[in-house]
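Chains, contacts and geometry: an overview
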Amino acid sequence: MKKPDPYAKREAEKYDRPIPSREFIIELLKEKNKPLNAEQLQQALKITEGDDLIALDRRLRAMLRDGQLIETRRGTFGLVDRMNLIRGRVIGHRDGFGFLRPEDGSEDLFLHSRHMRRVLHGDTVLVHISGIDQRGRQEAAIVEILERGTQQVVGRYIKEKGVAYVIPENKCVTQDVIIPPSEENGAIHEQIVVAGITDYPTARSRATGRILEVLGDHMAPGLEIDVAIRAHDIPHEWPQNVLDEADEIGTKVETIDKKDRKDLRHLALVTIDGEDAKDFDDAVYCEPRSRGGWLLYVAIADVSHYVKSESALDKEANKRGNSVYFPGKVVPMLPEILSNGICSLKPSVERLSMVCEMTINAEGRIKGYQFYSALIRSHARLTYNQVHAWLQGQEPEKTKHAKVLPHLKDLHALYLALRAQRDQRGAIDFETTETRIVFGEGRKIKEIVPVERNEAHRIIEECMLAANVCSAEFLLKHKIPALYRVHAGPTKDKLTNLKTFLGELSLKMKGGSDPKPKDFNKLLESIQERPDKHLIQTVMLRSLSQAVYQPENQGHFGLAYDAYTHFTSPIRRYPDLMVHRAIKHLLEKSKAKGFAYTKEAIQSIGSQCSVTERRADAATYDVMDWLKCEFMLDKLGNEYDGIITGVTAFGIFVELSNIFVEGLVHITSLNDDYYRFDAAHHRLSGQRSNMVYRLGDAVRIQVARVDLDEKQIDFVLPDGKPSSKKPRGKASKFQPKRQGSAKKDKPRKKSKTSSKPKASPTTSSKPKTKSKVKAWIKNKSTSKRKK
């Protein structure tokens, strides 16, 4: 290649004896348009010295490890994307097969169980598409294992007939880990242990490991969080170099740190959070403008000032991705000396912040904004309940609170304008219920209660949304590589299923093949008086995609924004920290050139953060499921009213009213009949009795079984019929017509979007996929969609 390495300066700053950069090597292979062996690369790059040859070999091995290159059987190095190979992460399934989740965000690929024998959930691999399976899914074959994602497992230690093994708690890991006699480390049969993997599985052998830690006896109270943390491989111990780096930062803002910052200490900025919050990463203030409208300040903790790129703190934060919140415990992204200390916007102390200052007109439209580094002092630490009470007319007890009350009223007036603009924009507003667990003595659940959102919650939410939107526009304007929070609309298949379901209810959603958020909202408004609105809303919610982090902006469908990112929580979300770095670079350099992160690096970070977000959700669900099972242990035989929250081929999931616990009514416990599962219409229908169990229906159940090991609760219908509170008699004007007999029921043609209804006799065996479907349903109908 005649042109010089554009990254030579960067390499020279990092290494005493720099060699050509990764980017330059990739460009060389593209130019040659064929794989090259090591000798050919050495000649083309003009590398002849012994130390440089060693450095090149290490670089090529690193590029192989990171999936940028692949080594062929002839010993040549080729570009992965030129060989039709796809890099991604293995997602295991409890039934032995799996999926590959490509890093480029494309559709998941099916992995047959024979390919899953030598990999574990979380491994990073290269695959090629091998064909189409019987269900019409693209199937892949594993070509290369790039990185092992599971180094240890937590589970139950079993020793039978002289053979010891660990059954992983994480059901995505389907292979037991064999423990040799010399590696048992004193573990006792049935104890919960952590096992480190010493040898990974192959096509012919299982994984082997050693016992690293004994967590406690099986089903011991309080063990559920420790198990979930380890089962989902959530980093929870701080490396010593990270703690040392955090200690060096100190607890006070130094004089030198105040330089070149706008002084906003006079502004009556306040934090508004929950009663039990410890890390305060956002403060707000607004004042009315003389010409109408408001000036809104959103000040966010300047975490990027303390957590430098490529530092030990940064690498650990990237690895964690986000803080994880369990009932009564937090696994933070940053050490507490930062998250609860120097980075937390505590009242009456100086703090460094990044500020988004916005000019908003009387209609709630953002007319201008600017970002800058600032020095602030929070004037009060307030709670949602306090602010809500004051806005309802209650007088503050403390003088310092009385001083900020006028500004809170200004914030409320601004909120009303922002809310009106949100409604006009057409953001989707689903009604969902969040819950929290109230513990009694001995960490036993006292009750499960709904979390009530008030005006104060909504004020902060709208302020944060405004700052996030301005961040996205600022990054787009300057064309800098950055992470966007992308929420795509419904896929073609999901939209087809949704419209089929709505048609059964004589409902229609406007927008044709490309509905907008406004179309969803109008439909939601039209069903508010219907008794089946909960059913319709649930199906609509499940038609939407899951939000992800990626460098390509595709808008946020749910919030009806053309561009959206996360700027407001850098203490607990790594993507927010990355956004701060991009904004700071632009403030200092005024252009994107020279930013430390390439688009490829941003893509990798986005994929990692999307994974850690899902990991946190899964771990939290596991803990909640375990606690709810424990809560129901002494309620066997009790009867409760509930709502059907999920319908599958093997039964119905029911959530108990006012208790917020979900369980399964298996199809074998229903009436003596054969039942057809209609996936498109979310119902089971009896062929002989015409009994219909549909998503959203009210039922009365009896608690039949609680299994703490599997975190499952089984219900039965006391009389085998739906609740007397909602008899399935003659269809009302809001309900679909009662189905005819099985003879008249014409099965739908099998396709990718809708499958032929399956008839299941009540004597059928219990499916093995119950837990997975339950988890899928819970994931799709999360109590609150992440913004």
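So, how was this worked out
Numbers given for residues are sequential positions, taken from 1 along each chain in its written order. Where totals are concerned, whole chains, interfaces and linings use all residues; where local detail is concerned, this predicted model gives features only for residues with pLDDT of at least 70, and gives and counts side-chain atom pairs only at 80 or more. Hydrogens and waters are ignored; side-chain quantities use all the structure's heavy atoms. Only DSSP runs of H or I with at least four residues qualify as helices, and only runs of E with at least two residues qualify as strands; both kinds are numbered from the N terminus onward. Taken over C-alpha atoms, the radius of gyration is set against a globule rule of 2.2 Å times the number of residues to the power 0.38. Summary of the burial criterion: residues with accessible area below 20% of their type's maximum are buried, those above 50% are exposed, and those between are partly exposed, where the area comes from a 1.4 Å probe applied to protein chains only. Any two residues whose heavy atoms approach within 4.5 Å are treated as being in contact. For the area figures, the Shrake-Rupley method with a 1.4 Å probe applies, and any residue is considered shielded solely by the protein chains shown. Strand pairing is assigned whenever DSSP identifies at least 2 bridges connecting the two strands. Only the stretch in contact is used when a helix axis is fitted, and all axes are lines through C-alpha atoms; the angle between N-to-C directions ranges over 0 to 180 degrees. The quantity called pLDDT is the predictor's confidence in a given residue, expressed from 0 to 100. Centre distance within 6.5 Å is the pairing criterion for rings of Phe, Tyr and Trp, where only the six-membered ring of Trp is used; planes under 30 degrees apart are then read as stacked, over 60 as edge-to-face, and the remainder as tilted. Any helix carries an expected span of 1.5 Å times its number of residues minus one. Along the arc lie the directions from the helix axis toward the C-beta atoms. Should an angle fall under 35 degrees it is called roughly parallel, over 145 degrees roughly antiparallel, and 65 to 115 degrees roughly perpendicular, with every other angle called oblique. When residues are sorted by character, Ala, Val, Leu, Ile, Met, Phe, Trp, Tyr, Cys and Pro go into the nonpolar class, Asp, Glu, Lys and Arg into the charged class, and all the rest, Gly among them, into the polar class. Any N or O atom pair separated by 3.5 Å or less is treated as a polar contact, with the protein-specific requirement of one donor-capable and one acceptor-capable atom, and with residues adjacent in sequence counted only for side-chain atom pairs. Salt bridge, as applied in this entry: a Lys or Arg side-chain nitrogen positioned within 4 Å of an Asp or Glu carboxyl oxygen. The criterion for a disulfide is a pair of cysteine sulfur atoms lying within 2.5 Å.

**Quick notes on the overall build of the protein chain**
Secondary structure assignment for the protein chain yields 19 helices and 35 strands. Against the globule reference of 28 Å for 787 residues, the protein chain gives a C-alpha radius of gyration of 28 Å, in line with a compact fold. Here the protein chain holds 787 residues, and the buried ones make up 52% of them. Considering only contacts in the protein chain between residues 6 or more positions apart, those separated by 24 or more positions represent 67%. When the accessible surface of the protein chain is split by element, carbon and sulfur atoms take 48% of a total near 37,700 Å².

**Regarding the sheet that holds strand E1 (residues 36-37)**
Ordered by their spatial adjacency, three strands build an open sheet running E1-E3-E2, and the pairing between neighbours is antiparallel. Each having just a single partner strand, E1 and strand E2 (69-71) make up the two edges of the open sheet. When E1 meets strand E3 (residues 76-79), the two strands line up antiparallel, connected through two bridges. Each bridged residue has a counterpart across the sheet, and for Asn37 the counterpart in E3 is Thr76.

**Quick look at the pairing of strand E23 (residues 434-439)**
Direction of pairing for E23 relative to strand E24 (residues 445-451): antiparallel, over a ladder of six bridges. For Thr435, the partnering residue across the bridge sits in E24 and is Pro450. In this antiparallel pair of consecutive strands, E23 and E24, the connection spans five residues, and Gly442 shows a positive phi of 65°.

**Some words on the sheet that holds strand E34 (residues 712-716)**
The pairing of strands in a sheet happens through backbone hydrogen bonds and is either parallel or antiparallel. Read once around its circumference, the closed barrel built from five strands follows the order E27-E28-E29-E34-E33, with strand pairing classed as mixed. Taken over all neighbouring pairs, the strand axes of this sheet differ in orientation by 50° on average, direction set aside. Where strand E33 (residues 698-707) and E34 come together, five bridges link them in antiparallel fashion. Directly across from Val706, in E34, lies its bridge partner Ile713.

**Here's the deal with the confidence of the model for the protein chain**
Residues of the protein chain with pLDDT of at least 70 account for 91%, and the chain-wide mean is 86. For residues 724-787, every residue scores under 50 in pLDDT, and the model assigns this stretch 152 contacts once sequence neighbours within four places are set aside.

**Considerations on the packing of aromatic side chains**
Aromatic ring pairs are reported here in terms of the distance separating the ring centres and the angle at which the planes meet. The final tally for this structure, using the stated rule, is 13 aromatic pairs. When the ring of Phe595 is compared with that of Tyr597, the centres are 5.4 Å apart and the planes differ by 55°; the resulting orientation is tilted. On the accessibility criterion, Tyr597 (9% relative accessible area) is buried. Here Tyr675 and Tyr693 contribute two aromatic rings whose centre-to-centre distance is 5.9 Å and whose plane-to-plane angle is 45°, an arrangement assigned as tilted. Within this pair, whereas Tyr675 is found in strand E30 (residues 674-678), its partner Tyr693 is found in strand E32 (residues 692-694), the two being separated by 18 residues in sequence. Like Tyr675, the residue Tyr693 is buried in the burial classification.

**A word on the environment of Ile659**
Mapped onto the secondary structure, Ile659 falls in the loop between strand E28 (651-656) and strand E29 (662-666). Residue Ile659 is classed as buried on the basis of its relative accessible area, which comes to 16%. Leave out the neighbours within four places in its chain, and Ile659 touches Ile448, Phe631 and Tyr640.

**Side note on helix H14 (residues 492-504)**
Taking 1.5 Å per residue, 13 residues should reach 18 Å; H14 reaches 19 Å between its end C-alpha atoms and fits that length. Residues Leu495, Leu498, Phe501 and Leu502 constitute the buried set of H14. With its buried residues spanning 125° around the axis, H14 presents them on a single face. Lining the buried residues of H14 we find helix H15 (517-526) and helix H16 (533-542).

**Comments concerning unusual backbone geometry**
Across residues other than glycine, the phi torsion is negative in most instances, and most of the peptide bonds are trans. Positive phi, normally seen in glycine, also occurs at Asp233, with a value near 55°. Relative to the elements of secondary structure, Asp233 occurs in the loop between helix H6 (224-231) and helix H7 (240-249). Non-glycine residue Ser590 carries a positive phi angle of around 70°. For Ser590, a relative accessible area of 55% corresponds to the exposed category.

**Some words on the packing of helix H11 (residues 384-391) against helix H13 (residues 455-478)**
Where H11 contacts H13, the two axes come as close as 7 Å, and the packing angle between them is 110°. On the basis of their axis angle, the class for H11 and H13 is roughly perpendicular. For the pair H11 and H13, contact is made by Tyr384, Val387, His388 and Leu391 and by Glu455, Ala456, His457, Ile459 and Ile460, respectively. The residue inventory of the contact of H11 with H13, partitioned by class, reads six nonpolar, two polar and one charged.

**Digging into helix H3 (residues 38-45)**
Sitting at the head of H3, Asn37 places a side-chain oxygen 3.2 Å from the backbone nitrogen of Glu39. A positive backbone phi angle near 60° is found at Lys46, which sits one or two residues after H3.

**Overview of the packing of helix H9 (residues 312-320) against helix H17 (residues 574-589)**
Orientation of H9 relative to H17, taken along the N-to-C sense of each, is 130°, at an axis distance of 9 Å. When the interaxial angle is binned, H9 and H17 end up oblique. Residues Asp314, Ala317 and Asn318 of H9 lie in contact with H17, whose contacting residues are Tyr574, Leu577 and Arg581. Among the residues forming the contact of H9 with H17, the class breakdown is three nonpolar, one polar and two charged.

**Examining the side chain of Asn340**
Of note, Asn340 is situated in helix H10 (residues 336-342). Discounting residues that sit within four places of it in the chain, Asn340 has contacts with Lys278, Asp279 and Lys346.

**Topic: the pairing of strand E9 (residues 152-160)**
Bridge count for E9 against strand E12 (residues 192-199) is five bridges, and the pairing is antiparallel. If you follow Val154 over to E12, its bridge partner there is Val194. In terms of strand pairing, E9 meets strand E10 (residues 163-168) through six bridges, oriented antiparallel. Bridging across to E10, Arg156 finds its partner in Ile167.

**Some details on the side chain of Glu630**
By the element assignment, Glu630 lies in helix H18 (residues 599-632). Look at Glu630 and you get buried, because its relative accessible area is 12%. When neighbours within four sequence positions are excluded, Glu630 is seen to be in contact with Pro221, Arg443, Lys444 and Leu708.

**Some points on the pattern of salt bridges**
Evaluation of the coordinates by the stated rule reveals 47 salt bridges. With a closest N to O distance of 3.0 Å, Lys584 and Asp302 form a salt bridge. You can see Lys584 sitting in helix H17 and its partner Asp302 sitting in the loop between strand E17 (294-301) and helix H8 (303-306), a full 282 residues away along the chain. On the basis of relative accessible area, Lys584 is assigned to the buried category, the value being 14%. Taking the relative accessible area as the measure of exposure, Asp302 reaches 1% and is therefore buried. Arg377 serves as the salt-bridge partner of Glu350, at 3.8 Å between the closest nitrogen and oxygen. A residue pair is termed long-range when its members are at least 10 positions apart, and Glu350 in strand E20 (residues 350-360) and Arg377 in strand E21 (residues 366-377) qualify at 27 residues. Judged by its relative accessible area of 29%, Arg377 is partly exposed. Among the charged side chains, a network of salt bridges with common partners joins Lys258, Asp263, Arg265, Glu350 and Arg377.

**Quick notes on the state of the cysteines**
This model, assessed by the stated rule, comprises zero disulfides. Between Cys286, a free cysteine, and Cys463, which holds the nearest cysteine sulfur, the sulfur-to-sulfur gap is 7.2 Å.

**Let's talk about the environment of Ala207**
Within the secondary structure layout, Ala207 lies in the loop between E12 and strand E13 (208-216). C-alpha separation for the pair Ala207 and Ile197, spaced 10 residues apart in sequence, amounts to 6.9 Å. Residue contacts for Ala207: discarding those within four places in its chain leaves Asp176, Val177, Ile178, Ile197, Asp199, Tyr200 and Pro201.

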